[in-house]
Amino acid sequence: MSTPPLRRSPARLAAVAGSALLLVALLSGCLTRSETVGDRFSGEIIVATSPDNSAGIPRLDIPQSMASHIYVSDFTGTISDTGSVTTQKTDNESQAPAQPQKLPTKVGTRATYNALTAGQFGQLGDIIAASFTSANAAMGLATTRSGDAVRMTGTADFSGLVEGRDVVYFSVTFGGDIGGTNGIETGDNSVSWVIPAGKSSDLSADARYP
């Protein structure tokens, strides 16, 4: 005796279809949220030159897509080879008593960036290099993650800049402690570089955090 074919009621079919649609919606929501999850980087950039540079002051041109994460201001001050930055007050601010200057005053642009994604962070190299419009300069930045280890690498070809005249200061803050770097550690999770003008150089820093 043959077994009659199994029939599903319309109500059960509707329930199965509804569950499938709900599952797709949940998965879609998870995928959408996961696109915004990842490492975030903060730090500071200063591009500066001597006040008598006929080429003018270097300017950082920030894309509109990154404008909400980067604050840009004019810079006047000194930058030492060890990464010590001193800013001078403008004329409309109260002036401190004059102190002898051991380092030459530089003028340029300062940018503080906050919570940049890895992709946005990678664009900073091109932005820095393009700020010196009258000189051939190139810079690349990248970050990679392997487990809990995060590595930042960079290359800078500033052979078109003039040593003693042009200055590039760059810092980055990670989400965890620095494990090693060829820069200057300015905190448990922060590192900076005063990138030499007139030659090529490499940047590297390793941090560890989930």
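Everything here concerns the structure above.
Notes on the structure follow.

Rules behind the numbers
- Residues numbered from 1 in each chain as written.
- Predicted model: local features only at pLDDT ≥ 70, side-chain atom pairs only at ≥ 80, totals over all residues.
- Heavy atoms only, no water.
- Helix = DSSP H or I, 4+ residues; strand = E, 2+ residues; numbered from the N terminus.
- Contact = heavy atoms within 4.5 Å.
- Salt bridge = Lys/Arg side-chain N within 4 Å of Asp/Glu carboxyl O.
- Buried < 20%, exposed > 50% of the residue type's maximum accessible area, 1.4 Å probe, protein only.
- Pairing = 2+ DSSP bridges.
- Phe/Tyr/Trp six-rings, centres within 6.5 Å; stacked < 30°, edge-to-face > 60°.

The next thing to look at is the overall build of the chain. Helix and strand counts for the chain stand at two helices and eleven strands. Mapped in sequence order, the helices and strands of the chain form the string α-β-β-β-β-α-β-β-β-β-β-β-β. Taking the intrachain contacts of the chain between residues at least 6 apart in sequence as the baseline, contacts between residues at least 24 apart amount to 68%.

Next up on the list: the pattern of salt bridges. Summed over the entire model, instances satisfying the criterion amount to five salt bridges. Measuring nitrogen to oxygen at the nearest pair gives 2.7 Å for the salt bridge that ties R59 to D74. Note that R59 is positioned in the loop between β1 (41-49) and β2 (70-79) and D74 in strand β2, a separation of 15 residues in sequence. By relative accessible area, which is 45% here, R59 ends up partly exposed. On the basis of relative accessible area, D74 is assigned to the exposed category, the value being 60%. Measuring nitrogen to oxygen at the nearest pair gives 2.9 Å for the salt bridge that ties R165 to D166. What makes D166 buried here is its relative accessible area of 4%.

Regular strands place side chains that alternate from one sheet face to the opposite one. The sheet contact formed by β2 and strand β4 (residues 106-116) spans eight bridges and is antiparallel. Residue pairing across strands places S73 opposite R110, the latter belonging to β4. Between the end of β2 and the start of strand β3 (residues 85-87), which pair antiparallel, lie five residues, with G83 showing a positive phi angle near 90°.

With that settled, consider the packing of aromatic side chains. This model, assessed by the stated rule, comprises six aromatic pairs. Pairing F41 with F121 gives two aromatic rings, centres 5.0 Å apart and planes at 40°, and the pair type is tilted. Pair noted here: F41 is in strand β1 and F121 is in helix α2 (residues 118-130), with a separation of 80 residues, a long-range link. Here the two residues F41 and F121 agree in accessibility, since each one is buried. Consider the rings of F170 and W193, whose centres lie 6.1 Å apart with planes at 25°: the pair is stacked. On the criterion of sequence distance, the pair formed by F170 in strand β7 (residues 167-173) and W193 in strand β10 (residues 190-195) is long-range, its members being 23 residues apart.

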